[in-house]
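# Inside the fold
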Amino acid sequence: MPNRRFADGEVVMGRWPGSVLYYEVQVASYDDVSHLYTVKYKDGTELALKESDIRSQSSFKHRKSQSSSSSPSRRSTSRSRSRSPGRPAKGRRRSSSQSREHKDDKKKTIQETNLALLVLGFLFKLSENNTRRYNGEPDSTERNDTSCIILEQKLKPDLEIERVLEQYSLHPRKEEKKKEERHSEKKFFETIKTIEKASSKTKELEFGGRIGTFMLIFFLPATVLYLLLMCKQDDPSLMNFPPPLPALESLWEVRVFGVFLLWFFLQALFYLLPIGKVVEGLPLPNGRKLQYRINGFYAFILTAAAIGALLYFQFELHYLYDHFMQFAVSAAAFSMVLSIYLYIRSLKAPEEELAPGGNSGYFVYDFFTGHELNPRIGSFDLKYFCELRPGLIGWVVINLAMLFAEMKIHNQSMPSLSMILVNSFQLLYVVDALWNEEAILTTMDITHDGFGFMLAFGDLVWVPFVYSLQAFYLVGHPTAISWPVAAAITILNCIGYYVFRSANSQKNNFRRNPADPRLAYLKFIPTATGKGLLVTGWWGFVRHPNYLGDIIMALAWSLPCGFNHILPYFYVIYFICLLVHREARDEHHCKQKYGVAWERYCQRVPYRIFPYIY
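Residues numbered from 1 in each chain as written. Predicted model: local features only at pLDDT ≥ 70, side-chain atom pairs only at ≥ 80, totals over all residues. Heavy atoms only, no water.

## So, the overall build of the protein
Keep this limit in mind: For the purposes of this entry, the term helix denotes a DSSP run of H or I that reaches at least four residues, the term strand denotes a run of E that reaches at least two, and both are numbered from the N terminus. Relative accessible area decides the class of each residue, using a 1.4 Å probe on protein chains only: under 20% of the type maximum gives buried, over 50% gives exposed, and in between gives partly exposed. In this description, accessible areas are obtained by the Shrake-Rupley approach with a 1.4 Å probe, and a residue is regarded as covered only by the protein chains that are shown.
Within the protein one finds 19 helices and eleven strands. Buried residues in the protein amount to 47% of all 614 residues. Carbon together with sulfur atoms contributes 61% to the accessible area of the protein, which is approximately 32000 Å² in total.

If you want it as structure tokens, here you go:
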């Protein structure tokens, strides 16, 4: 085992990653396996540094004293030479002009060195800004560090030449030096542009890369079609695969597509109404902040009033149930057309407006994940609008239509207790999302993921037609439950909702204002990015408590359907798989973004989603 040079608690000089600047740091610990020192800067930032990046304070002081002790002798020699009586007056004038020239050249050399350091610092900040998650989701730190090293290596010969010129006072003529400066500056900024463009490319592909995303474009619509066809069967058992396919002409009706378009543009109209406050989102990679109008809850109230008016004028809402398959096909067709439009317009978008996760250069992958981060038509944000409005509010309307369809088909004066529980639980979830609409601005969907087929299909098709699967199932397969069972299921849903809401509130409030006195009881681990990782409250219990609350609620939504078939529990299985995938993605990104701080956090909070299990 190699001997360590620096002891714990020793104050040394540590090099800031990606630059040539050294700062005073204190050694916190040493890892015998990785041979890295954990050091702490004066502002509280902790980083892991190699031994070669650390120097003792005495070496810096020795250089400074050596430089200061040698300077007077050089000055006295120069002064004695200038005063030599054997030199004519003309020689003295030339010596003074050469001295001024030497000073000017020295200033320019220092300025060029400072420019190099400034650009290196800029690139390091750029690599930090390009990182991103769900708890903050980044790009590959490895890639950004490589960019800095490449630039540093390119600049190293130039800096070495300038150091030799400074040491021996060897300077070229003014005209040649100016020409070299212009050429060096031009080459320098060309290198910066090349590195910026390369660093913005998506290197790590998700969902199976190009082949996986190509298959998902067809697999997701087929899954929705399969689930809805199975719910229509008298015996929706998985053993009855495949279900009988309907005729293609029965899956499409122009009138149904027109109703869907009317619904979509009605929600767009509600979104554009000048009601509700306007807030700023999180800073984008280019530093800009977009503005969003928070009026989702008002849109829900206006939608409820419109539905009430339709019912008052004897409109039969179970029309949705009778044409449910056709509505799903219409929504899928619309989402495909919208995705094509989004990709075409993204080809003209500036580089800084592209999504960090959807800029791979592969057509299929970028089309699926979304090429542009925040596509807007004027102030109309397409991704933000689709995230909450047409699909989420449409989910509640579909559930209500299933309730009326159950009453009509089974000649009931009141809906069943199971149907009431499913409608109530899911209504609470939607109202909570709309009431806390501002919180969605800190999620990965808004800050990191582009708007492509994945989100368009998910928002407009998957959410309203798969999330309402329990209510659709109960229409054809009524399930009777007792009041004690209903009470137990209600308690379970309340527990899940409490975990989900309180965990999200803690995270969102801490992200927006960590200095809030109301959050003084929360403890956190500082990171090099300036953000903190919570280690108390729900985020000190498991790493993703909001996911835990989601899964508990999903189970409570499925239990009223009984245990005759597994189909109503598809949502629970899907939700667990989705959240485990997201959790793995979050772990990977956070490890890259926070480094040693994330490892310390994982040691403090060992469980990911399920306490004492996973």
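## What to know about the UniProt feature "transmembrane region" (unreviewed entry) in the protein
We count it as follows: UniProt positions are given in the numbering used here, feature names are shortened, and annotations may be inferred rather than shown by experiment.
UniProt records the feature "transmembrane region" (unreviewed entry) at residues 211-230, 250-273, 294-313, 325-344, 455-475, 481-500, 521-542 and 562-581, using the numbering of this structure. In residues 481-500, helix accounts for 90% and strand for 0%; the two terminal C-alpha atoms are 26 Å from one another. Helix and strand shares over residues 562-581 are 60% and 0% respectively, and the end C-alpha atoms of the span are 28 Å apart.

## Structural notes on the state of the cysteines
To be explicit about the condition: Cysteine sulfur atoms are paired as a disulfide whenever they come within 2.5 Å of each other.
Evaluated as defined, the whole model comprises zero disulfides. Residue cysteine 590 stays outside any disulfide, its sulfur separated by 8.6 Å from that of cysteine 602, the closest cysteine. Note on cysteine 590: relative accessible area 1%, which makes it buried.

## Side note on the nonpolar core
In plain terms, the rule: Among buried residues, those of type Ala, Val, Leu, Ile, Met, Phe, Trp, Tyr and Cys that are joined through side-chain atoms within 4.5 Å constitute a nonpolar core. For the domains described, the bounds stem from an automatic or database domain assignment. Residue contacts are counted whenever heavy atoms from the two residues lie within 4.5 Å of one another.
Core analysis: the largest hydrophobic core is formed by 112 residues, its most contacted members being Met402, Phe465 and Tyr467. Ranked by residues supplied to this core, first place goes to helix H11 (residues 382-409) with 16 residues. Looking at this core, you find at least three residues from each of domain 2 (209-479) and domain 3 (481-613). Setting aside chain neighbours within four positions, we find phenylalanine 465 in contact with Val224, Leu228, Phe324, Phe327, Ala328, Ala331, Ile398 and Leu460.

## Examining the sheet that holds strand S4 (residues 46-49)
Note: strands within a sheet are paired through backbone hydrogen bonds, in either parallel or antiparallel orientation. As a reminder of what qualifies: In short, DSSP must find at least two bridges between two strands for them to pair.
An order of S4-S3-S2-S1-S5 is seen for the five strands of this open sheet, with the pairing classed as antiparallel. Two strands lie at the open edges of the sheet, namely S4 and strand S5 (54-55), each paired on one side alone. Inspection of the sheet shows strand S2 (residues 22-31) paired to strand S3 (residues 36-41) by six bridges, in the antiparallel sense. Among the inter-strand pairings, valine 27 is bridged to a residue of S3, identified as valine 39.

## Topic: the packing of helix H6 (residues 254-272) against H11
For any two helices packed against each other, one specifies the crossing angle of their axes together with the interaxial distance. Quick reminder of the rule: In this analysis an axis means a line fitted to C-alpha atoms, helices contributing only their contacting stretch, and an angle means the value between N-to-C directions, from 0 to 180 degrees. For classification purposes, an angle smaller than 35 degrees is called roughly parallel, one larger than 145 roughly antiparallel, one from 65 to 115 roughly perpendicular, and anything else oblique. Definitions for this section: a left-handed crossing has its near helix turned counterclockwise from the far helix by less than a right angle. A right-handed crossing has that turn clockwise.
The geometry of H6 relative to H11 is characterised by a closest axis approach of 10 Å and an angle of 120° between their N-to-C directions. In terms of orientation, H6 and H11 fall into the oblique class. Like other packed secondary-structure pairs, H6 and H11 cross with a definite hand, here right-handed. Across the interface between the two elements, Trp263, Phe264, Gln267, Ala268 and Tyr271 from H6 touch Tyr384, Phe385, Cys386, Arg389, Pro390, Ile393, Gly394 and Val397 from H11.

## What about the packing of aromatic side chains?
Convention followed: In this analysis, rings of Phe, Tyr and Trp, with Trp reduced to its six-membered ring, are considered paired at centre separations within 6.5 Å, and the interplanar angle assigns stacked below 30 degrees, edge-to-face beyond 60, and tilted for intermediate values. Criterion for a charge above a ring: Lys NZ or Arg CZ within 6 Å of the ring centre, and within 35 degrees of the ring normal.
Counting across every chain of the model gives 46 aromatic pairs. With a centroid separation of 5.1 Å and 40° between ring planes, the pair formed by tryptophan 252 and phenylalanine 257 is classed as tilted. We classify tryptophan 252 as partly exposed; its relative accessible area is 39%. Three or more aromatic residues joined by ring pairs form one cluster here, namely Phe260, Phe264, Phe265, Tyr271, Tyr292, Phe334, Phe380, Tyr384 and Phe385. Positioned above the aromatic ring of tyrosine 292, the side-chain terminus of arginine 376 is 5.0 Å from the ring centre.

## Quick look at the packing of H11 against helix H14 (residues 453-466)
Cut-off, in case you're wondering: Any residue that is not Ala, Val, Leu, Ile, Met, Phe, Trp, Tyr, Cys, Pro, Asp, Glu, Lys or Arg is counted as polar, Gly included; the first ten are nonpolar and the last four charged.
For the pair H11 and H14, the least separation of the axes is 7 Å and the interaxial angle reads 15°. With respect to H14, the axis of H11 lies roughly parallel. Between H11 and H14 the crossing geometry is right-handed. Residues Lys383, Cys386, Glu387, Pro390, Gly391, Leu392, Gly394, Trp395 and Ile398 of H11 lie in contact with H14, whose contacting residues are Leu455, Asp459, Leu460, Val463, Pro464 and Phe465. Of the residues belonging to the contact of H11 with H14, the class tally is ten nonpolar, two polar and three charged.

## A look at a nonpolar patch on the surface
Here is the rule: Residues qualify for a patch when their relative accessible area is over 30% and they have no salt bridge, like charges being joined within 9 Å and the nonpolar side chains of Val, Leu, Ile, Met, Phe, Trp and Tyr within 5 Å. In the sections that follow, a salt bridge refers to a side-chain nitrogen of Lys or Arg positioned within 4 Å of a carboxyl oxygen of Asp or Glu.
Together, Ile211, Phe214, Met215 and Phe218 line one region of the surface with nonpolar side chains, adding up to about 480 Å² of accessible area. Mapped onto the elements of the fold, isoleucine 211 is located in helix H5 (residues 209-232).

## Regarding helix H7 (residues 296-312)
Let me state the cut-off plainly: What a helix should span is 1.5 Å times the count of its residues minus one. Along the arc lie the directions from the helix axis toward the C-beta atoms.
In this model H7 runs 24 Å from its N-terminal to its C-terminal C-alpha over 17 residues, within 8% of the 24 Å that 1.5 Å per residue would give. Every buried residue belonging to H7 is among Gly296, Ala299, Phe300, Thr303 and Ile307, and all of these are buried. End-on view of H7: buried residues confined to an arc of 100°, all on one side of the axis. Along H7, the residues that are exposed and aim more than 90 degrees away from the buried face are Ala305 and Tyr312. Here the buried face of H7 lies against H6, strand S7 (291-294), H11 and helix H12 (417-435).

## Some points on the side chain of asparagine 399
Residue placement: asparagine 399 occurs in helix H11. When neighbours within four sequence positions are excluded, asparagine 399 is seen to be in contact with Asn423, Gln426, Ser468 and Ala471.

## Comments concerning unusual backbone geometry
The backbone of phenylalanine 207 shows a phi angle near 60°, a positive value even though the residue is not glycine. Among the structural elements, phenylalanine 207 can be located in the loop between helix H4 (174-199) and H5. Phi angles above zero are rare outside glycine, and asparagine 411 is one such case at about 50°. For asparagine 411, a relative accessible area of 72% corresponds to the exposed category.

## Here's the deal with the pattern of salt bridges
Enumeration over the complete set of coordinates arrives at eleven salt bridges. The residue aspartate 8 makes a salt bridge to arginine 4 at a minimum N-O spacing of 2.7 Å. Classification of aspartate 8 by relative accessible area gives partly exposed; the value is 47%. The partner of aspartate 53 in a salt bridge is arginine 15, with the nearest N and O atoms 3.2 Å apart. In this pair, aspartate 53 sits in the loop between S4 and S5 while arginine 15 sits in strand S1 (residues 11-15), placing the two residues 38 residues apart along the sequence. Both residues of the pair, aspartate 53 and arginine 15, count as buried.

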